[in-house]
Structures are given as structure tokens and as C-alpha cells.
Amino acid sequence: TDAEGGGAAAPLPRRLEAQSGEDQFRKAHVDFLLDVGFSRTIELTVQCADPTQASIGTYTLHVSRPGCTPERPYFNPEKKACVNFCSSGFYRNRLTHRCSRCNENCKICSGLLDCHMCKPDTEDFSYVIQPDGKCRAIANHLFRKYRWWCAGLGVLLLFLLLIGCCGIIQLCCSGRGSEKGRFTRLNDSDTDDDVPRYGGGSRFARY
């Protein structure tokens, strides 16, 4: 044989066995939120699919998430990382050690009810800080929304009105001047007809 001749034995082919039975395992997953520096207790209940074996098992899991370091003590939910300074619209919450969102319409704040600056005004709304620390949105009316267009149109109409008034005044003045000159010429012609003329075209007054 090959073993006696010192040769290596040929490897025997491995026989593949087909899996038998049913696939009774169903993959499932559940997502849940866990904040930085907090922990949760999760209980899993597993029950056998075989009705003849009504065995139920309960598993308890303790899940914890480490907190931020003292160098960066606040967790930013937008960046999903620990930071030292929060973004605009958030404030540093020292109780939860995270960047909490400011009140509605507030841009810079130091607390939920302590707003220092509202977000910029828009064409539709203006934002004003209230005594209670909130930002109130005031709707802009049509005139306030297009106030510069209305101001320009008003100036244009006023300019056209002044030009019209000047034209009317000038027309009236020129009409009165022409009538006065005509009346003067008529009076001169009447005077010349009443005075008799003598030889040589000279005029003599009658006493």
C-alpha cells in the first residue's frame, strides 16, 4: 500500500450532509434610545415554538452608556458627540449634561425660559422677546411686508401730483395774461375812434 511504501495517503472526500428539519428561529430586533450617562434594564422572554414543550425563559439585561468626559461634558444630539459648547438654538443643560433645545423661535438662550436673542425676522413674521423669556412670532401685514414698495409708489404719485399742479397753475396764469392784453388793445381802439381827426392826422382836444 501507499502507507507501507512511505507515500502520503490521499484525502478522503468529505460527504456533505443536507440540513434537515424546519428553520424555527426568526430574526428580530428592537431599537431603543439610551441617553449618554444613563442605563436601562431590559427583560427578554423566550418561548419554545414546540407546543409539546411549553418552556419559557426570561433573560434580564443591564445596558449602560458611558457619559461624556470632563473636557467635553455636554452631549450634542445634532453632532451625536460630546462637546464643550452647544450649537445655536441649544443651551448647556447642567442637570442632564447635554445640549438641550431652546424655546420655540429662540436663537440664543441660557435656559428654556431665558431667551437672549430671537431668530431673524422673515417676510411673514417678526420675532420679539416677551417678559416671560419666550419669543413671540408676530405676523407681518401686507403693508408692512411691502412697505418699501409702498413708500416708493407714494413718492412717485406725489411727484406726479406736484407736476400736474404746476402745469395747471401755469395754464391759468397764461390764460389770464392773454385776456388782459386783449382787453387793453380793445380799449385803445375805442379811444382812437372817439377822438376826431383833423388835417395832418393831428389830434385836438375839445373844450
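Note that this is a predicted model, so its numbers are computed, not measured.

**Student:** I would appreciate a short explanation of the state of the cysteines in the present structure.
**Tutor:** Should the sulfur atoms of two cysteines be covalently bonded, the bond is a disulfide. Tallying each qualifying case throughout the model produces five disulfides. In this model, C68 is linked to C82 through a disulfide, with the two sulfur atoms separated by 2.0 Å. Because the sign of the S-S torsion sets the handedness, a value of about -75 degrees for the bond joining C68 and C82 places this disulfide among the left-handed ones. Taken as a pair, C68 in the loop between strand 2 (56-64) and strand 3 (74-76) and C82 in strand 4 (residues 81-83) lie far apart in primary sequence, 14 residues in all. A residue is classified by how much of its surface remains accessible, and C68, at 21% relative accessible area, is partly exposed. In this model C86 forms its disulfide with C99; the gap between the sulfur atoms is 2.1 Å.

**Student:** Mind showing me how you'd approach unusual backbone geometry here?
**Tutor:** What is expected of a backbone is that most residues other than glycine have negative phi and most peptide bonds are trans. Here the phi dihedral of K80 falls at roughly 55 degrees; this positive angle occurs in a residue that is not glycine. By the element assignment, K80 lies in the loop between strand 3 and strand 4. The class for K80 is exposed, based on a relative accessible area of 68%. Of note in this structure, H97 is not a glycine but carries a positive phi near 55 degrees. Of note, H97 is situated in the loop between strand 5 (90-93) and strand 6 (98-101).

**Student:** Where do I start with the environment of D121 in this structure?
**Tutor:** Within the element layout of this structure, D121 appears in the loop between strand 8 (114-118) and strand 9 (125-129). When the C-alpha atoms of D121 and I138 are compared, they prove to be 9.6 Å apart, with 17 residues separating the residues in sequence. Among all residues touching D121, those that are not within four sequence positions of it are S126 and Y127. There is a polar contact of 3.0 Å between the side chain of D121 and the backbone nitrogen of Y127.

Cut-offs used in this document
- Residues numbered from 1 in each chain as written.
- Predicted model: local features only at pLDDT ≥ 70, side-chain atom pairs only at ≥ 80, totals over all residues.
- Heavy atoms only, no water.
- Disulfide = S-S within 2.5 Å.
- Helix = DSSP H or I, 4+ residues; strand = E, 2+ residues; numbered from the N terminus.
- Buried < 20%, exposed > 50% of the residue type's maximum accessible area, 1.4 Å probe, protein only.
- Contact = heavy atoms within 4.5 Å.
- Polar contact = N/O pair within 3.5 Å; in protein donor to acceptor, adjacent residues only side chain to side chain.

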